[in-house]
Amino acid sequence: MTTRYTKSHEYVRVEGGMGVVGITDHAQTQLGDVVFVELPPIGQRLSKGDEAATVESVKAAAEVSAPVSGTVVEINGALADSPGLVNQDPTGRGWFLKIELSDAAEVDSLMDEDAYRAFLQAAS
Amino acid sequence: MRYLPLSDVDRADMLACIGVSGIDALFADIPRAKRLECDLDLPARKTEMEVERMLSLLAAKNVAAGAVPFFVGAGAYKHHVPASVDHLIQRSEFLTSYTPYQPEIAQGTLQTIFEFQTQVAGLTAMDVANASMYDGSTATVEAVAMAHRLTKRRKAILSGGLHPHYAEAVRTYAEMAGDDFLVLSPDILGAETFDTLVDADTSCAVVQNPDFFGNLRDLSDVAAICMAKGALLVAVFTEAVSLGLVKPPGAMGADIVAGEGQSIGNRLNFGGPYVGLFATKSKYLRQMPGRLCGETVDASGRRGFVLTLSTREQHIRRDKATSNICTNSGLASLAFSIHLTLLGDAGLRRLARINHANAVALADRIAAVKGVKVLNETFFNEFTIKIAGDAAEVVQRMAEKGVLGGVPVSRLLPGKGLDDLILAASTEVNTDADRAAFAEALQGALSC
Amino acid sequence: MLMRQTFGPQAAETEGPGAKTFTGNRGLEIEEGLIFETGRSEISGVDLDEPLPFKHRLGALERQEPAGLPGLSEPETMRHYVRLSRQNYAIDAGIYPLGSCTMKHNPRLNEAMARLPGFADIHPLQPQSTVQGALELIAELARWLMVMTGMDAVAMSPRAGAHGEACGMMAIKAAIAAKGEGETRKIVLVPESAHGTNPASAACAGFAVRPVPARADSTLDPAEVKRRLGPDVAAIMLTNPNTCGLFEKDVVAIAALVHEAGAYFYCDGANFNAIMGKTRPGDLGVDAMHINLHKTFSTPHGGGGPGAGPVVLSSKLAPFAPVPFLRRGENGFHLVEHKSEAPDSFGRIAAFHGQMGMFVRAFAYMLSHGAGGLRQAAEDAVLNANYIRASLKDLMSGPFGDRPCMHEVLFDETWLKPTGLTAFDFAKAMIDEGFHPMTIYFPLVAHGAMLIEPTESESKASLDLFVAALRDLALAATRGDIERFAGAPHYAPRRRLDETRAARNPVLKWTKPAA
């Protein structure tokens, strides 16, 4: 299992051709209290960089881009009633969607944990 | 100048504090060639007395509705506004306050918005209403845009009973966005059907009740047709008082409601400011444009109100916003709410019954005039009269005789062969004497 | 819960002076419930006589279920709204330093004039011969707007600033289509500092937006604009003075580049208060500009509206103006209401003619000032903003260093960072001092923006007190006295409100509690 990160603060946790996608802890801190998440329909085909979901907080709205290309096979229904999960546990119970990867090689061009940490450091 | 508190001494002191020699140093970024070297070619200032004199003269050149027998409607209606309404909206804290972005010091505005939203939802029998839009016509434009977003289709069908100005506004926005639309021909008798018109490309049907010609329509049929095709029903009204007596759009299957609230709490004001009412079903909430006020609690546990779900709006979503709207109708919506608070269900129903009774009385009077026919089977407080003559000329002659006897349909629908139709409205302000004057003036104008 | 229903919302208060009284009231500060909690459906504050029996013509469409609206008698209604009003801050009560809003004094003469029956009690569709005075007023107001801006025409019908923006962009779109370039020119350039209505309005007219970055001093570089111009660009939308309170010094060069590229220059006129009587947008190359009558021309903000946003147009765009518009003939004024009489018009954007109520108010304001007064107002607005800047610059940081601003001054959060406090905390503490906070977090290009616009309506004494209070707060912040900030405001009618709860569980109307 590998986790990779994008410059727009999404993560994808890949295991056996499937990726769990969400936003990072840094992103949820920036957004503030999440009040609503709009998820794509199951079966939606996404290309890397496509708008996959939107996340709204009290003061801001942000697009969540697909870190990799593939088909949406599952979405996190718990977020409808408990959007706060994105704040409490962004990489665990606050996941957004699961993608079946169409091109496993795309993962390699994303940042790993260390690279992402360095990226955050440089930006602050 | 009476509105400018700074004295020349103040100005000099302040310039010294800033560290510049003169005021023009603060305008240095304006290219020299583009700076105005002397004052604009406009009159010098006027005292309050002089302004009053000048504007009173202009005002006196107009025939006020209250000065003559008055039967003009067609989307704006003369109703009596209680003195306390106008008094309350002039309270400093309502008149001169801003949008309630700092809720701790704006609970006055916020609570009244919450009450307004509740009243509008109740009136229209819908789940949720927003804090108001500019007017009924722009609310209709927004409703169509909302239907497009929800259905992911881009074709609206506009009833032939929709107010022509509303239809024109929807059309303008549709043309600009490259959207499709179908405008049905003027439906004088309220008889059009939608069975064959709504298809898989249709996002919504936009139907007005009472319609532009005054007819009452049962929207349930259109609602069912729309639902069967995955389209939405946008229900429109231009006379809010009708909701005191006529079946509301929510009870007939409307998905989105856009209406004009001017009739309650607001004067005619030559067309503005008015107040757009907007309501919808709970499931469509997130696609609703405009401001929303919601209930919450403060840090001490007390109930309070805040603007909410703002992330739909322009200041956050920018080009992806549900709308570009920034202001709502503020004071005009407050006037609406205060008047409705004074009326209550009992008062509103009684007011609506008086309106309808007066319109029935007018229709009966008109039936007795030769060469004149009331076309409507049903109506609330406005109906269409067919005359043997040119309606615009007849209405002009009636005006010259001191009676404002309705609107020639050709004013809003020229070149459609409707030149012999007049729209006449009768509200609670009309007396028997007014109705007699109408009939007499109409008779006289026809025999010219 | 029982007490809540009978006496209103205060019963749950757990701390503060209100917790010490039975009613939850604090002297003159009265808690007031909702009309749905205090009203009764059988009461009405309006006397109306039942009509004599008649035969109705409603068909089968009579309303069956009431709307669920309670009524209040007149005295109860007065109390309800008077009590609520007292929980509001207002210009009439104190300085309202909101950048980009121009919260100037709302003269009462305007209210009296707007209520003259000859203006308030006329219908937009009365025969035009019976409303010549109203049409004359609109024409005169339009003339003043054209003279002030140096433009050739004005569309009076937009209902608000954003509506005016959409209108201006639609006129531009129509002009482009008339040249046969409708399929190619679909992009609008918008600076990153623009107000959100700009891109939203461009989208209304069917355009896509291309952002333009600004220089470090917030102004636009003609070279950056030029780089983004091309045959696919319809227009640029600029605010001048810009949203950071500075005049776009290269505006003339930018206008020239835009025109050379076959595009149009839309100007957001929200900040016109800084330059009226000092320069004319028409002279700067503007093709269309909306004017917020509720900002520059003192029509009241009314808790959020109504506004009015007439759009001045250059001769190139005038033919495409929306209907209705006024024409002057030998028989007086005539409203042109149909495209058949004005074939190049892009159409109608709303019912009727425009915000007459606001026209009367704005016109009374303009007449009261005269040419000299309007210029003086702009000068005093700019003077007041610079006075505040000069008095706070040693304590509060700004993104542009020590340089003059126009009618509004922009500070940022840099000076607060070491304290751990934010612009939000600072703003809330201002409330306890009796001031409405300045605009915060706009424009987005500054980090933790704090935008102060005093307007010309503030006296020097008012500014001195405001500055002294802000200095005191700023020093407290840097000293680390966080009690004034933590959990502020403490003395307002409400403490900080839970906005997360309001958004997660929206309660947007009152519903009857279950029995």
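Residues numbered from 1 in each chain as written. Chains lettered and ligands numbered in written order. Predicted model: local features only at pLDDT ≥ 70, side-chain atom pairs only at ≥ 80, totals over all residues.

A. Representation of the overall build of chain A in the model. A count of helical and extended segments in chain A gives four helices and nine strands. Reading the secondary structure of chain A in the N-to-C direction produces β-β-β-α-β-β-β-β-β-α-α-β-α. The C-alpha extent of chain A, read off along each of the three principal axes, is 35 × 35 × 20 Å. In chain A, 61% of the contacts between residues at least 6 apart in sequence involve partners at least 24 apart. (Helix = DSSP H or I, 4+ residues; strand = E, 2+ residues; numbered from the N terminus. Contact = placed C-beta atoms within 7 Å.)

B. Summary view of the overall build of chain C. A count of helical and extended segments in chain C gives 14 helices and twelve strands. In terms of overall dimensions, chain C is globule-like: its C-alpha atoms have a radius of gyration of 26 Å, near the 24 Å expected for 515 residues. Counting only C-alpha atoms, chain C reaches 80 × 70 × 45 Å along its principal axes. Burial statistics for chain C: of 515 residues in total, 60% are counted as buried. (Rg over C-alpha atoms; globule rule 2.2 N^0.38 Å. Buried ≥ 20, exposed ≤ 12 C-beta atoms within 10 Å, placed from the backbone.)

C. Quick look at the sheet that holds strand β4 (residues 34–38) of chain A. Residue and element names in this part refer to chain A. Read across the sheet, three strands follow the order β4-β6-β7 without closing on themselves; strand pairing throughout is antiparallel. Unpaired on one side and paired on the other, β4 and β7 (61–65) mark the two borders of the sheet. In this sheet, adjacent strand axes meet at a mean angle of 25 degrees when their direction is disregarded. By the bridge criterion, five bridges tie strand β6 (residues 51–57) to β7 in an arrangement that is antiparallel. Following the sheet pairing, T54 is matched in β7 by E63. (Pairing = 2+ DSSP bridges. Axes fitted to C-alpha atoms, helices over the stretch in contact; angles between N-to-C directions.)

D. Fine view of the interface of chain C and chain A. Contacts between chain C and chain A engage four residues on the former and four residues on the latter. Taken together, the residues that form the side of chain C that touches chain A break down as one nonpolar, one polar and two charged. (Nonpolar A, V, L, I, M, F, W, Y, C, P; charged D, E, K, R; others polar.)

E. View of the sheet that holds strand β12 (residues 450–452) of chain C. Residue and element names in this part refer to chain C. Overall, antiparallel pairing links the three strands, which are arranged β10-β12-β11 in an open sheet. Single-partner strands in this sheet number two, and they are β10 (409–411) and β11 (439–440). Alignment of β10 against β12, held across three bridges, turns out to be antiparallel. Its bridge partner being in β12, F411 is matched across the sheet by M450.

F. A look at the interface of chain B and chain C. Facing the 169 residues of chain B at the interface are 181 residues of chain C. Here the element with the most residues in the side of chain B that touches chain C is helix α10 (residues 330–367) of chain B; it accounts for 21 residues. Considering only residue class, the side of chain B that touches chain C consists of 85 nonpolar, 51 polar and 33 charged.

G. Spatial organisation of the nonpolar core. Ranked by size, the top nonpolar core spans 348 residues in total, and within it V206, L233 and V234 of chain B together with A171 and L313 of chain C carry the most contacts. The residues contacting V206 of chain B, other than those within four sequence positions of it, are T140, V144, A156, I157, L158, S159, L162, V170, V234 and V236 of chain B. (Core = buried A, V, L, I, M, F, W, Y, C linked by C-beta atoms within 7 Å.)

H. Seen up close, the confidence of the model for chain C. All names here are of chain C. Residues of chain C with pLDDT of at least 70 account for 96%, and the chain-wide mean is 93. Taken as a whole, residues 1–13 scores under 50 in pLDDT and shows 27 contacts with residues more than four places along the chain or in a different chain. The ipTM for the predicted assembly is 0.97, set against a pTM of 0.95. (pLDDT = per-residue confidence, 0-100.)

I. Just the pairing of strand β8 (residues 70–75) of chain A, in detail. In terms of strand pairing, strand β5 (residues 45–46) of chain A meets β8 of chain A through two bridges, oriented antiparallel. Its bridge partner being in β8 of chain A, L46 of chain A is matched across the sheet by G70 of chain A.

J. Expanded view of helix α2 (residues 48–60) of chain B. Residues and elements named next belong to chain B. Look at α2: 18 Å from first C-alpha to last across 13 residues, which is about the 18 Å you get at 1.5 Å a residue. Within α2 the residues assigned to the buried category are V51, L55, L58 and A59. One side of α2 carries all its buried residues, which in axial view fall inside an arc of 100 degrees. Structural note: α2 exposes M49, R53 and L57 on the side pointing more than 90 degrees away from its buried face. (Expected span 1.5 Å × (residues − 1). Arc of directions from axis to C-beta.)

K. The arrangement of helix α13 (residues 460–479) of chain C in detail. Residues and elements named next belong to chain C. Here α13 contains 20 residues, and its C-alpha end-to-end distance of 28 Å stays within 8% of the 28 Å for a straight helix at 1.5 Å per residue. Buried within α13 we find L463, F466, L470, L473 and A477. An end-on view of α13 places all buried positions within 100 degrees of arc, on one side of the element. For α13, exposure combined with an orientation more than 90 degrees from the buried face picks out A461, A468, L475 and R479. Against α11 (356–392) and α12 (423–432) lie the buried residues of α13. Just downstream of α13, G480 is the residue with a positive phi angle, here 95 degrees.

L. Highlighting the packing of helix α7 (residues 161–178) of chain C against helix α8 (residues 197–204) of chain C. Residues and elements named next belong to chain C. In contact at an axis separation of 8 Å, α7 and α8 are set at 45 degrees when each is read in the N-to-C sense. One element, α7, and the other, α8, form an angle in the oblique class. For the pair α7 and α8, the sense of crossing is right-handed. Two secondary-structure elements touch here, α7 through G161, A162, E165, A166 and M169 and α8 through T197, N198, S201, A202 and C204. Grouping the amino acids of the contact of α7 with α8 by side-chain chemistry returns five nonpolar, four polar and one charged. (Parallel < 35°, antiparallel > 145°, perpendicular 65-115°, else oblique. Left-handed = near helix turned anticlockwise from the far one by under 90°.)

M. Representation of the environment of D345 of chain B. Along the chain, the position of D345 of chain B falls in helix α10. When the 24 C-beta atoms within 10 Å are taken as the criterion, D345 of chain B is described as buried. Once the C-alpha coordinates of D345 of chain B and G244 of chain B are considered, the two residues, 101 residues apart in sequence, prove to be 7.6 Å apart. With residues near it in sequence (within four places) discarded, D345 of chain B still touches S41, P66, A67, L69 and G71 of chain C.

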